[in-house]
Amino acid sequence: QVHVVESGGGLVQPGGSLRLSCTASGNIFRINEMAWYREAPGKQRELVATITSGGLTSYGDSVKGRFTISRDNAKHTVALQMDSLKAEDTAVYYCALGTTTLDEYDLWGQGILVTVSS
């Protein structure tokens, strides 16, 4: 019924950049808040960035000034531009979408690996 597909991951050197994209398709009326999470081996899932339906953004302390979240409402897409990447950014990144009136994300991407290494 509803599919969420992520793209854009891969291997990048420290200091480099990557752009992740997440697109939802199917029976969708609207999407409220969108977010990116990440999970590294041996670490708790971490909230990276959020963006509201009105375009207000917030970022985790570890990525402030380096990552930028954006959205395209017509395409049901959320993107994450990652600059000045560090080795500690290495993780599986998940997009999360809220389509209900509840303060939770009911749609999730499949996860995409970002590896920052020389």
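As a convention, each chain's residues are numbered from 1 in the sequence order in which they are written. Restriction of local features to residues with pLDDT of at least 70 applies here, the model being predicted, together with a cutoff of 80 or more for giving and counting side-chain atom pairs; totals for whole chains, interfaces and linings are based on all residues. Side-chain metrics in this entry use all non-hydrogen atoms of the structure; hydrogen atoms and water are not considered.

Asker: Teacher, can you tell me more about a negative patch on the surface here?
Answerer: A cluster of like negative charges, contributed by Glu33, Asp103, Glu104 and Asp106, occupies part of the molecular surface. In this fold, Glu104 is placed in the loop between β9 (91-97) and β10 (107-108). Here's how the labels work: a residue is buried when its accessible area is under 20% of the maximum for its type, exposed when over 50%, partly exposed in between, all with a 1.4 Å probe on protein chains only. Exposure remark for Glu104: the relative accessible area of 46% places this residue in the partly exposed category. Two joining distances apply to patches: 9 Å for like charges and 5 Å for nonpolar side chains (Val, Leu, Ile, Met, Phe, Trp, Tyr), and every residue must have over 30% relative accessible area and no salt bridge. Using a 1.4 Å probe, the Shrake-Rupley method yields the accessible areas, and only the shown protein chains count as cover for residues. When a carboxyl oxygen of Asp or Glu is within 4 Å of a side-chain nitrogen of Lys or Arg, the pair counts as a salt bridge. Lys and Arg are tallied as positive, Asp and Glu as negative. Neither His nor the chain termini are counted. Taken as the charge centre is NZ of Lys, CZ of Arg, CG of Asp or CD of Glu, depending on the residue. Helical segments are the DSSP runs of H or I of at least four residues, strand segments are the runs of E of at least two, and each set is numbered from the N terminus.

Asker: Hey, could you run me through the pairing of β9 in this one?
Answerer: Side-chain positions along a regular strand alternate between the two faces of the sheet. Where burial is concerned, most of β9 is hidden: five out of the seven residues are buried. Across six bridges, the pairing between strand β4 (residues 34-39) and β9 is antiparallel. Bridge pairing links Glu39 to Val92 in β9. Strands pair, by our definition, only if DSSP identifies at least two bridges between them. Here three bridges tie β9 to strand β11 (residues 112-116), and the two strands are oriented antiparallel to one another. By the bridge assignment for β11, Ala91 is matched with Val114.

Asker: Would you explain the packing of aromatic side chains in this entry?
Answerer: Describing an aromatic ring pair means giving the distance of the ring centres and the angle of the ring planes. Any Phe, Tyr or Trp ring, taking Trp's six-membered ring, that has another such ring centre within 6.5 Å forms a pair; planes under 30 degrees apart are called stacked, those over 60 apart edge-to-face, and the others tilted. Inspection of the entire model under this criterion finds three aromatic pairs. Here Tyr105 and Trp108 contribute two aromatic rings whose centre-to-centre distance is 6.3 Å and whose plane-to-plane angle is 85 degrees, an arrangement assigned as edge-to-face. Through successive ring pairs, a cluster of aromatic residues spans Tyr37, Tyr105 and Trp108. Consider the ring centre and the ring normal. A charge sits over the ring if Lys NZ or Arg CZ is within 6 Å of that centre and within 35 degrees of that normal. Here Arg45 stacks its cationic end above the ring of Tyr37, 5.1 Å away from the centre of that ring.

Asker: For this particular structure, what's the right way to read the state of the cysteines?
Answerer: The bond known as a disulfide is covalent and runs between the sulfur atoms of two cysteines. Only a pair of cysteine sulfur atoms within 2.5 Å qualifies as a disulfide here. The tally for this structure, following the rule as stated, stands at one disulfide. Here Cys22 engages in a disulfide with Cys95; their sulfurs sit 1.9 Å apart. Between Cys22 and Cys95 the disulfide shows an S-S torsion of about 55 degrees. By sign, it is right-handed. Remark: Cys95 occurs in strand β9 and Cys22 occurs in strand β3 (residues 18-26); sequence separation between them is 73 residues. Each member of the pair Cys22 and Cys95 is classed as buried.

Asker: Would you mind going over unusual backbone geometry with me for this structure?
Answerer: Leave glycine aside and you will find that most residues have negative phi; peptide bonds, for their part, are mostly trans. Positive phi outside glycine occurs at His76, with the angle close to 50 degrees. Within the secondary structure, His76 sits in the loop between β7 (67-72) and β8 (77-82). Taking the relative accessible area as the measure of exposure, His76 reaches 22% and is therefore partly exposed. Non-glycine residue Ser84 carries a positive phi angle of around 50 degrees. For Ser84, the location among the structural elements is in the loop between β8 and β9.

Asker: Explanation requested: the nonpolar core in the structure shown.
Answerer: Side chains that are nonpolar tend, in soluble globular proteins, to be buried together. In these notes, a set of buried Ala, Val, Leu, Ile, Met, Phe, Trp, Tyr and Cys residues joined through side-chain atoms within 4.5 Å is what counts as a nonpolar core. Grouped together as the largest cluster of nonpolar side chains are 29 residues, with contacts concentrated most on Trp36, Val78, Leu80, Met82 and Tyr93. Mapped onto this core, the elements with two or more residues apiece are β3, β4, β5 (46-51), β7, β8, β9 and β11. Contact criterion: two residues are considered in contact whenever any of their non-hydrogen atoms come within 4.5 Å of each other. Excluding anything up to four places from it in sequence, Val78 contacts Leu20, Ser21, Cys22, Met34, Trp36, Ile51, Ile69, Ser70, Arg71, Cys95 and Leu97.

Geometric values such as these leave the question of function open.
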